[in-house]
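# Tertiary structure, described
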Amino acid sequence: MAKVFFAPTINFMSGRIGEGVYTITGKGGMSYLRRYTYPTITQNNHEKGAILANLSKRWNIEVGADYKKELKWYAIEYHALANYGKARSDRTYSAFAIFVSILWKVKAADPAHIMLDSVVMSDLRVVFPNQLSIAEQVAAGWIPATPKSSTYLAAW
């Protein structure tokens with residue numbers, strides 16, 4: 001690690017440039033520079049990658065257009081909900097992120113039958129026949145209620 005001193009007009013530098021990574025220090029006009037090393041990819045990274053690849057495939061191929069449209073409307077309402085306890089945090093606008101969140105709740109509800117790296121939508125329809133729409137998923141506690149969530153009735 002090396003100390004790097006900057007011109008008076010530069011307070012610090014942060015981030016990767018080429019083969020080096022600059023780190024902020026408490027002292028103005030100075031940063032530390034170290035050699036960039038690629039992080040180790042763990043088994044957990046591979047497992048989560050397989051899960052998200054499968055969920056992305058389900059979203060793109062199997063989830064109905066009406067459900068996606070309603071989930072986009074729900075996402076707008078979800079984003080507008082108050083976020084108590086996290087003043088600088090923001091809720092997502094992404095319908096896909098909410099879909100992934102729902103499926104993690106589904107797995108928690110029935111871990112013996114739901115494997116997210118290989119699940120298909122027909123499995124979910126069989127195991128959870130009463131939680132097919134956003135309104136039913138809100139009632140099950142998988143996602144928070146929004147002002148119009150009870151009106152979203154399209155099945156996934």
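Report on the accompanying structure. Not measured: the values here are computed from a predicted model.

### A few points about helix H2 (residues 65–80)
For an α-helix the count is 3.6 residues per turn, leaving residues at separations of three or four pointing the same way. Under the 1.5 Å per step criterion, the end-to-end length of H2 is 23 Å for 16 residues, consistent within 8% with the ideal 22 Å. Residues of H2 that are buried: Tyr67, Lys68, Glu70, Leu71, Tyr74, Ala75, Glu77, Tyr78 and His79. Elements in contact with the buried residues of H2: helix H1 (43–61), helix H3 (95–109) and helix H5 (134–139).

### Regarding the nonpolar core
Leu71, Tyr74, Phe99, Val106 and Trp156 are the most contacted members of the largest nonpolar core, which totals 28 residues. Those elements giving two or more residues to this core turn out to be H1, H2, H3, helix H4 (121–127) and H5. The element that contributes the greatest number of residues to this core is H3, accounting for seven residues. Other than its neighbours up to four places away in sequence, phenylalanine 99 contacts Leu55, Trp59, Val63, Tyr67, Leu71, Met121 and Trp156.

### As for the packing of aromatic side chains
Summed over the entire model, instances satisfying the criterion amount to nine aromatic pairs. Considering the side-chain rings of phenylalanine 128 and tryptophan 142, the 5.2 Å spacing of their centres and the 90° angle between planes classify their relative orientation as edge-to-face. Placement of phenylalanine 128 in the loop between H4 and H5 and of tryptophan 142 in the segment after H5 is noted, with a sequence separation of 14 residues between them. As far as the burial class goes, phenylalanine 128 and tryptophan 142 line up, both buried. An aromatic cluster is present here, built from Trp59, Tyr67, Phe96, Phe99 and Trp156 joined pairwise through their rings.

### A few points about the packing of H2 against H3
In contact at an axis separation of 8 Å, H2 and H3 are set at 95° when each is read in the N-to-C sense. When the axis of H2 is compared with that of H3, the two are roughly perpendicular. On the side of H2, the interface is formed by Tyr67, Leu71, Lys72, Tyr74, Ala75 and Tyr78, while H3 contributes Ala95, Ile98, Phe99 and Ile102.

### Examining the pairing of strand S4 (residues 30–35)
Bridge analysis of strand S1 (residues 2–5) against S4 gives four bridges, and the strand direction is antiparallel. The partner of lysine 3 across the bridge, within S4, is tyrosine 32. Relative to S4, strand S3 (residues 20–24) runs antiparallel, the two sharing five bridges. Within S4, the position partnered with tyrosine 22 by the bridge is leucine 33. The hairpin formed by S3 and S4 contains five residues between the paired strands, and glycine 29 there has a positive phi angle of roughly 80°.

Quick notes on the rules
- Residues numbered from 1 in each chain as written.
- Predicted model: local features only at pLDDT ≥ 70, side-chain atom pairs only at ≥ 80, totals over all residues.
- Heavy atoms only, no water.
- Helix = DSSP H or I, 4+ residues; strand = E, 2+ residues; numbered from the N terminus.
- Expected span 1.5 Å × (residues − 1).
- Buried < 20%, exposed > 50% of the residue type's maximum accessible area, 1.4 Å probe, protein only.
- Contact = heavy atoms within 4.5 Å.
- Core = buried A, V, L, I, M, F, W, Y, C linked by side-chain atoms within 4.5 Å.
- Phe/Tyr/Trp six-rings, centres within 6.5 Å; stacked < 30°, edge-to-face > 60°.
- Axes fitted to C-alpha atoms, helices over the stretch in contact; angles between N-to-C directions.
- Parallel < 35°, antiparallel > 145°, perpendicular 65-115°, else oblique.
- Pairing = 2+ DSSP bridges.

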